[in-house]
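Now for the letters of each chain:
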Amino acid sequence: MANTAAAAQQLDRFLDPVVLARIDNLELLARSVVNGFINGLHRSPFLGLSVDFAEHRAYMPGDDIRRIDWRLYARTDRHYVKEFEADTNANFVVVLDISSSMSYTGGGRRKIDYARYLAACLTYYVRRQRDRVGLITFDSAVVDFIPPSAKHMEIILHTLNKVEPGVGRKGDLTQPLLRAADRLRRKGLVVLISDLYEPP
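Residues numbered from 1 in each chain as written. Predicted model: local features only at pLDDT ≥ 70, side-chain atom pairs only at ≥ 80, totals over all residues. Heavy atoms only, no water.

Description of the pattern of salt bridges
When charged atoms on two side chains of opposite charge get close, those side chains can pair.
So, point 1. For the structure on display, the rule yields eight salt bridges.
So, point 2. The partner of Arg57 in a salt bridge is Asp63, with the nearest N and O atoms 2.8 Å apart.
So, point 3. Of the charged contacts in the structure, one is a salt bridge between Arg67 and Glu83, with a shortest N-O distance of 3.4 Å. Of this pair, Arg67 sits in the loop between strand S1 (42-58) and helix H4 (70-76) while Glu83 sits in strand S2 (residues 80-88), and the two are 16 residues apart along the sequence.
So, point 4. Classification of Arg67 by relative accessible area gives partly exposed; the value is 31%. (Salt bridge = Lys/Arg side-chain N within 4 Å of Asp/Glu carboxyl O. Helix = DSSP H or I, 4+ residues; strand = E, 2+ residues; numbered from the N terminus. Buried < 20%, exposed > 50% of the residue type's maximum accessible area, 1.4 Å probe, protein only.)

As structure tokens, this is what we get:
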């Protein structure tokens with residue numbers, strides 16, 4: 001029991017924001033923060049092959065006879081086919097504001113640094129769930145667009161590592177978000193990381 005408490009205290013020491021701020025490699029940072037979370041899967045709205053039973057439906061000509069529930073047939077004298085829930089992965093896109101207002105420093109840390117850490121940690125965690133990850137950076141227009149893919153984790157971390165708020169880059173939410181919506185065709189989860197510093 002003492003070893004478990006000591007290990008938890010050691011892990012908490014590494015999750016200290018002051019310690020994390022000294023780490024240059026965002027992948028290592030994200031792995032440190034996310035360590036210990038459980039992988040998850042999303043339920044698909046479609047029926048398919050899985051181990052999770054969904055429902056029975058009446059047999060239709062052309063259905064695979066291997067999917068007939070013969071035990072139910074023995075009780076009801078009717079043919080029913082077993083349907084199973086399908087597992088799927090989702091699109092996850094971080095939309096990150098890199099306008100000049102994100103360079104504000106408060107308490108020794110810039111807003112953009114907190115935003116980069118948050119984006120890296122969320123992306124890393126979601127990727128561990130086997131979801132497709134993407135990134136959009138913007139100021140008054142879309143600057144970087146990395147479409148959601150299962151293979152783009154390293155590109156996203158590299159982009160987050162080099163992104164800096166430009167001096168004099170005016171922020172605008174309307175046009176970049178409309179552009180992002182045009183580019184994201186499939187349903188998914190979009191996380192907006194911004195200080196929302198814009199006239200109402």
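Section: unusual backbone geometry
So, point 1. Despite not being glycine, Asp77 has its phi angle at roughly 65°, a positive value.
So, point 2. Tracing the backbone shows Asp77 in the loop between H4 and S2.
So, point 3. The class for Asp77 is exposed, based on a relative accessible area of 58%.
So, point 4. Positive phi outside glycine occurs at Leu196, with the angle close to 55°.
So, point 5. Along the chain, Leu196 falls in the segment after strand S8 (188-193).
So, point 6. Given the relative accessible area of 51%, Leu196 is considered exposed.

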